[in-house]
Amino acid sequence: MKKIELKDTRSGFGAGLLEVGKINKNVVALCADLTGSLKMDAFEKKFPKRFFQIGIAEANMMGIAAGMTIGGKIPFTGTFANFSTGRVYDQIRQSIAYSAKNVKICASHAGITLGEDGATHQILEDIGLMKMLPGMVVINPCDYNQTKNATIAISKYFGPVYLRFGRPKVPNFTKDEEFVIGKGIQLSKGLDVSIFATGHLVWEALEASKKLNEYNISCDVINITTIKPLDNDLILKSVKKTKCAVVAEEHQILGGLGCSIAQLTSQKFPIPINFVGINDSFGESGNPMELMKKYKIDKNSIVSAVKKVIKKKAN
Amino acid sequence: MSNYSELIKMCSQVRRDIVRMVHGCQSGHPGGSLGCVEFFVALFFSIMKHEPDFKMNGRNEDIFFLSNGHISPVYYSVLSRSGYFPLNELNTFRKINSRLQGHPATHENLPGIRIASGSLGQALSVAIGSAISKRLNNEKNTVFCLCGDGELQEGQIWEAVMYAGAKKVDNLILTIDVNRQQICGSTDEILDLGDLQKKFSAFQWKVIKVKNGNKIEEVIEKLKLSKLKSSKGHPICLLLNTEMGYGVDFMMGSHKWHGIAPNDEQLKIALNQLEETIGDY
């Protein structure tokens, strides 16, 4: 079996950004003093006139990006997820979302796997904040390849987008293929439970499904990369077959992907759902794997959630 | 429109529009709107190269951004009287199903509006982005922005002021409406703005003062000077001294008419002080 390489999703963003810079001369990049962390260096070096170092001023960065779209530019803003959303929510709401500007908000170091920096930087509310904004597309890729290809895909889409990725090196296991906004990806087929996962938890979901196979539980594992708009058809098709689901995400349970899926299924095909996510708490310092275990968002937590939800199924 | 008597007539008509619009929906912000009439009339009827056959990208045009969006009545009146949209649409201000939202928005596709504003402190950043975009597109035009003086209390303004000065965004003219009033009182009482000339100079801006921003001749003269001084390595800050409520005696000299509408009797008194010159909408 081919060994799976470990790569960070933010490097996927950097590679994708360089690529879109080559494809489209209207693409510009803005950064709030985190060029290295966001892997935007290659774009800066190749296209210095299209790279804007804004300084530590995220609100100004969002406004400048909004203004640049008026002259036909396609701005990609880069900073940590915390400073890409919570810190600048009103700027995004008024100057980008309400004004329907073609800004790509690219956010690294999302979630608890940011690790040692601790809770001040570990935003776990960003998906909720961004998906509530009318017209905002929310994308949370799971590995390097997906992040790179999602970066390219959003440059071709007109409208505001929130692209969320992370810091740690994680398995790069998806195909290097074109990313389609709004389409979930079926990773394994099963009959007993649907596992909908996003971001770093997609790999954990695959690992969990292998373990569950040992207990004769077969899992439909689906990678939901686009959280908004949601791939309703794929989700409903799966739950109509399995009759129960687990949703796994590196985000608050309240307001995340799980809520979107519960909302959909409650209207179209009610089923029991268990939620693997952060349960109404802040994070803390630590290494990413330790934190995932402590905050119950690792593969073992998914295994346990699946076993419980299957028991809730109507016979 | 180039001669002063025509512009003065336009100012009187715009003032009538403002008080009638605010009266018509019994809400809105007449004070700041009335104080900025000369600035808007000068900009749209004399200074800016702009095309009322509206295109969002504003390619090869001068572009204006209103940051203190609550003075939308003066903006809508001048846009409409410039030909961006029909005059009778002013009747719909702040009413349901209107393109004339309480604060300017792009959402209803009102011609002339390129960004939503209302939550304060944001449009200067947007104007900087637009100015940078024009440079990237090799356009020679100027980007204008208006902020209220109370609005300078927002932190984002100073992020933007620091950026434009340091990065030499010099195709940008920011006007500050210095009326020294805000909702709860005078700016001196609420949060003293200090010496704005020194502050903007310290941030590497070229500062030009307009002693009487309610005198159209001076406003035009200083806006022309601003354009002359632009593209020379510094953004321009025009400190425009105005009187809130200017033109309607009982609305002047106080913060009280910042955000309330006149009743029927007050409207009558106000309109008696403002000559109908071009024709009401």
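## A few points about the overall build of chain A
So, point 1. Tallying secondary structure elements over chain A gives 12 helices and 14 strands in all.
So, point 2. Over its C-alpha trace chain A gives a radius of gyration of 19 Å, about what one expects of a compact globule, namely 20 Å for 315 residues.
So, point 3. A principal-axis box enclosing the C-alpha atoms of chain A has dimensions of 60 × 40 × 35 Å.
So, point 4. Across the 315 residues that make up chain A, the buried fraction comes to 63%.
So, point 5. Look at the contacts in chain A between residues 6 or more apart in sequence, and 80% of them connect residues 24 or more apart.
So, point 6. Surface accessibility of chain A: about 12500 Å² in total, with carbon and sulfur atoms responsible for 53%.

## Quick word on the side chain of threonine 225 of chain A
So, point 1. Take threonine 225 of chain A: it is sitting in the loop between β11 (219-223) and β12 (226-228).
So, point 2. Not counting chain neighbours up to four residues away, the residues in contact with threonine 225 of chain A comprise Val138, Ile139, Asn140, Pro141, Gln146, Phe179 and Thr198 of chain A.

## Digging into the pattern of salt bridges
Residues and elements named next belong to chain A.
So, point 1. Scanning all chains against the criterion turns up 20 salt bridges over all chains.
So, point 2. Notably, a salt bridge pairs arginine 87 with glutamate 58, separated by 3.1 Å at the nearest N-O pair. Here glutamate 58 lies in helix α3 (residues 58-70) and arginine 87 lies in the loop between α4 (81-84) and α5 (89-98), a separation of 29 residues in the sequence.
So, point 3. Since its relative accessible area comes to 53%, arginine 87 is described here as exposed.
So, point 4. One network of salt bridges, with partners in common, ties together Glu207, Lys210 and Lys299.

## Describing the interface of chain A and chain B
So, point 1. Listed per partner, the contact involves 25 residues of chain A and 31 residues of chain B.
So, point 2. Counting the surface lost from both chain A and chain B, the interface buries some 2200 Å², and carbon and sulfur atoms represent 54% of this.
So, point 3. The three residues of chain A that bury the most area against chain B are Ile70, Gln94 and Tyr98 of chain A, which together make up 30% of that side's buried surface.
So, point 4. The interface formed by chain A and chain B holds zero salt bridges in total.
So, point 5. Taken together, the links from chain A to chain B amount to 16 residue pairs in polar contact (both at pLDDT 80 or more).
So, point 6. If you list the elements that add at least two residues to the side of chain A that touches chain B, you get β3 (51-53), α3 and α5 of chain A.

## Quick notes on the nonpolar core
So, point 1. Among the nonpolar cores identified, the biggest contains 76 residues, and Leu124, Ile128 and Phe200 of chain B are the most heavily contacted of them.
So, point 2. Broken down by element, this core gets its largest block of residues, eight residues, from α3 of chain A.
So, point 3. Not counting residues within four places of it along the chain, the set of residues in contact with leucine 124 of chain B comprises Ser67, Cys145, Ile157, Ala160, Val161, Leu172, Leu174 and Trp205 of chain B.
So, point 4. By size, the runner-up hydrophobic cluster in this structure holds 57 residues, among which are Phe45, Phe64, Val219 and Ile236 of chain B.

## Overview of unusual backbone geometry
So, point 1. Omega for the bond connecting lysine 228 of chain A with proline 229 of chain A falls within 30 degrees of zero, at 0°, which places this linkage in the cis form.
So, point 2. Looking at the element boundaries, proline 229 of chain A is found in the loop between β12 and α9 (232-242).

## Details of helix α8 (residues 201-214) of chain A
Residue and element names in this part refer to chain A.
So, point 1. Over its 14 residues, α8 runs 20 Å from end to end, which matches the ideal 20 Å to within 8%, given 1.5 Å per residue.
So, point 2. What α8 keeps buried is the set Leu201, Val202, Trp203, Glu204, Ala205, Leu206, Ala208, Ser209 and Leu212.
So, point 3. Looking one or two residues past α8, asparagine 216 carries a phi angle of roughly 60°, positive in sign.

## Regarding the packing of helix α1 (residues 9-23) of chain A against helix α7 (residues 144-155) of chain A
All names here are of chain A.
So, point 1. Packing of α1 against α7 leaves a shortest axis separation of 7 Å and a crossing angle of 35°. Read as a crossing pair, α1 and α7 show a hand that is right-handed. Seen from α1, the contacting residues are Thr9, Ser11, Gly12, Phe13, Ala15, Gly16, Leu17, Glu19, Val20 and Ile23; seen from α7, they are Tyr144, Thr147, Lys148, Thr151, Ile152 and Ser155.
So, point 2. Class assignment for the residues of the contact of α1 with α7 results in seven nonpolar, seven polar and two charged.

## Examining the domain arrangement of chain A
All names here are of chain A.
So, point 1. Segmentation of chain A into domains returns domain 1 (6-171) and domain 2 (185-314).
So, point 2. For domain 1 and domain 2, the distance between their C-alpha centres works out to 26 Å.
So, point 3. Taken residue by residue, the interface counts 34 residues in domain 1 and 33 residues in domain 2.
So, point 4. Together, Ile112, Leu124 and Lys131 form the three largest contributors to the area buried by domain 1 at its contact with domain 2, with a combined 26%.

## Concerning the sheet that holds strand β13 (residues 245-252) of chain A
All names here are of chain A.
So, point 1. Strand order across the open sheet formed by five strands is β9-β11-β10-β13-β14, with mixed pairing between neighbours. Lying at the two open borders of the sheet, with one neighbouring strand each, are β9 (185-188) and β14 (273-278). Across the sheet, the mean angle from the axis of one strand to that of its neighbour is 25°, orientation sign disregarded.
So, point 2. In the sheet, β13 pairs with β14 via five bridges, with the strands oriented parallel. Residue pairing across strands places valine 246 opposite asparagine 274, the latter belonging to β14.
So, point 3. Against the sheet, helix α12 (residues 299-312) contacts β10 (193-197), β13 and β14, and its axis sits at roughly 155° relative to β14.

## Considerations on the layout of surface pockets
Residue and element names in this part refer to chain A.
So, point 1. Empty space within the largest pocket amounts to approximately 320 Å³.
So, point 2. Together, 16 residues line the largest pocket, and Thr174, Lys175, Glu177, Ile185 and Leu187 are the ones closest to its centre.
So, point 3. Considering each element in turn, the lining of the largest pocket owes the most residues, four residues, to β9.
So, point 4. The residue makeup of the lining of the largest pocket, split by class, is six nonpolar, six polar and four charged.

## Quick look at the environment of alanine 105 of chain B
So, point 1. Position of alanine 105 of chain B relative to the elements: it lies in the loop between α4 (72-82) and α5 (123-136).
So, point 2. Considering only alpha carbons, one finds alanine 105 of chain B and cysteine 25 of chain B, 80 residues apart in sequence, at a separation of 18 Å.

What counts and how
- Residues numbered from 1 in each chain as written.
- Chains lettered and ligands numbered in written order.
- Predicted model: local features only at pLDDT ≥ 70, side-chain atom pairs only at ≥ 80, totals over all residues.
- Heavy atoms only, no water.
- Helix = DSSP H or I, 4+ residues; strand = E, 2+ residues; numbered from the N terminus.
- Rg over C-alpha atoms; globule rule 2.2 N^0.38 Å.
- Buried < 20%, exposed > 50% of the residue type's maximum accessible area, 1.4 Å probe, protein only.
- Contact = heavy atoms within 4.5 Å.
- Areas by Shrake-Rupley, 256 points an atom, 1.4 Å probe, with all protein chains shown as cover.
- Salt bridge = Lys/Arg side-chain N within 4 Å of Asp/Glu carboxyl O.
- Buried area = accessible area lost by both parts, 1.4 Å probe.
- Polar contact = N/O pair within 3.5 Å; in protein donor to acceptor, adjacent residues only side chain to side chain.
- Core = buried A, V, L, I, M, F, W, Y, C linked by side-chain atoms within 4.5 Å.
- Expected span 1.5 Å × (residues − 1).
- Axes fitted to C-alpha atoms, helices over the stretch in contact; angles between N-to-C directions.
- Left-handed = near helix turned anticlockwise from the far one by under 90°.
- Nonpolar A, V, L, I, M, F, W, Y, C, P; charged D, E, K, R; others polar.
- Domains from an automatic or database assignment.
- Pairing = 2+ DSSP bridges.
- 1 Å grid on protein atoms, 1.4 Å probe; cavity = no way out; pocket = protein on both sides within 12 Å on 5 of 7 lines; lining within 4 Å.
- Points joined across faces, edges and corners; volume = space filled by probe spheres on them.

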